[in-house]
Amino acid sequence: LLVVAVVLVGKRVLYEPAWTTPMVIGAALTLLVAIVAAINLALARARRLKGEQVYDQSLLGDLDRAISRVDYQVARLKNSHFWFLLPLAAMTGLNFMARGVSFAELVGSRVWVWPLFLASLVVYYTAILIEIRRVHQPRKRSLVALREKLAAQE
C-alpha cells in the first residue's frame, strides 16, 4: 500500500507541472490512507506476535501456536479487503478526484473497466477461498489431529 501510494503521488510530483488545491489534498489523503493502513497492519502483527508468547515451550505448545497462526492467517485473509482493497480503492478514488475526473466521465468513457474490475474482485475472493480451503484448513486439520494424538498419549 505504501509503495502504491508513493508511486501515485510520486508520478504526480514528477509529471504534473501545476498543482491545484484538490491535487494537494488528494495526494496528502492518498499518503494518509496508505500510512494508516500500514500502521494498522503492523500493529495487528505485533499483537499476534505478543499473543504467541503465551504458549508453553513444549511440543503441545508449539502445536497450539501453529494452530493459532493458521487461525490468524484465515482471519487475515477473510478481512484483507478492509486492509488492502478498501485503501487501494480509496487511494485510486482520491487520485481521480485530484485529477478532476468526474464520476460520469469515469463511467461513461471507460465502460470496459467495470467488467474487468468486477472480474478482478471475483478472482480475488475465489483465490482467497481456494487458499483457505486447500492450504489453511488441511494444515489446521493435520495439526489438530497431531495435537490430539500427542495429548492422548500423555
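Here the structure is a predicted model, which means the values were calculated and not measured. (Residues numbered from 1 in each chain as written. Predicted model: local features only at pLDDT ≥ 70, side-chain atom pairs only at ≥ 80, totals over all residues. Heavy atoms only, no water.)

What the chain contains, in helices and strands, is six helices and zero strands. When its helices and strands are written in sequence order, the chain yields α-α-α-α-α-α. For a compact globule of 154 residues, the expected C-alpha radius of gyration is about 15 Å, and the chain comes in at 22 Å, more than 25% above that figure. Once the C-alpha set of the chain is aligned to its principal axes, its extents read approximately 70 × 30 × 20 Å. Out of the 154 residues belonging to the chain, those deemed buried represent 21%. Excluding contacts between residues fewer than 6 apart, the proportion of contacts in the chain whose partners are at least 24 apart in sequence is 75%. Surface exposure of the chain reaches about 10700 Å², of which carbon and sulfur atoms provide 68%. For the chain, the distance from the average site of its 19 positive side-chain charges to the average site of its 10 negative ones is 6 Å. (Helix = DSSP H or I, 4+ residues; strand = E, 2+ residues; numbered from the N terminus. Rg over C-alpha atoms; globule rule 2.2 N^0.38 Å. Buried < 20%, exposed > 50% of the residue type's maximum accessible area, 1.4 Å probe, protein only. Contact = heavy atoms within 4.5 Å. Areas by Shrake-Rupley, 256 points an atom, 1.4 Å probe, with all protein chains shown as cover. Lys, Arg positive; Asp, Glu negative; His and termini not counted. Charge placed at Lys NZ, Arg CZ, Asp CG, Glu CD.)

For the rest of this paragraph, the subject is the confidence of the model for the chain. For the chain, per-residue confidence averages 83 on the pLDDT scale, and 95% of positions sit at 70 or higher. Highest mean pLDDT in the chain belongs to helix 6 (residues 113-153) (91); lowest belongs to helix 5 (residues 103-109) (69). (pLDDT = per-residue confidence, 0-100.)

A few words on the packing of helix 3 (residues 59-78) against helix 6. At a minimum axis separation of 10 Å, helix 3 and helix 6 run at an interaxial angle of 160°. Considering their axes alone, helix 3 and helix 6 lie roughly antiparallel with respect to each other. Viewed along their axes, helix 3 and helix 6 form a crossing whose handedness is left-handed. Of helix 6, the residues touching helix 3 (which contributes L59, L60, L63, D64, A66, I67, V70, D71, Q73, V74, L77 and K78) are I128, E131, I132, H136, R139, K140, L143, V144, L146, R147, L150 and A151. Here the residues of the contact of helix 3 with helix 6 are counted per class, giving 15 nonpolar, two polar and seven charged. (Axes fitted to C-alpha atoms, helices over the stretch in contact; angles between N-to-C directions. Parallel < 35°, antiparallel > 145°, perpendicular 65-115°, else oblique. Left-handed = near helix turned anticlockwise from the far one by under 90°. Nonpolar A, V, L, I, M, F, W, Y, C, P; charged D, E, K, R; others polar.)

Looking at the element boundaries, K149 is found in helix 6. A residue is classified by how much of its surface remains accessible, and K149, at 58% relative accessible area, is exposed. The spacing of K149 and V122 is 27 residues in sequence and 39 Å in space, taken between C-alpha atoms.

The subject of this paragraph is the packing of helix 1 (residues 2-15) against helix 2 (residues 21-51). Running from N to C, helix 1 and helix 2 cross one another at 165°; their axes reach a closest spacing of 9 Å. If you check the angle between helix 1 and helix 2, you find them roughly antiparallel. Like other packed secondary-structure pairs, helix 1 and helix 2 cross with a definite hand, here left-handed. Packed against helix 1, whose contacting residues are L2, A5, V6, L8, V9 and R12, the element helix 2 presents M23, A27, T30, L31, A34, I35 and A38 at the interface. Counted by class, the contact of helix 1 with helix 2 contains eleven nonpolar, one polar and one charged residues.

The next subject is the nonpolar core. A general feature of soluble globular proteins is that nonpolar side chains tend to end up buried together. Core analysis: the largest hydrophobic core is formed by six residues, namely L60, L63, I67, V70, L143 and L150. At the level of secondary structure, the elements contributing two or more residues to this core comprise helix 3 and helix 6. Looking at this core, the element that brings in the most residues is helix 3, giving four residues. Once residues within four sequence positions are removed from consideration, V70 is found in contact with H136, R139, K140 and L143. (Core = buried A, V, L, I, M, F, W, Y, C linked by side-chain atoms within 4.5 Å.)

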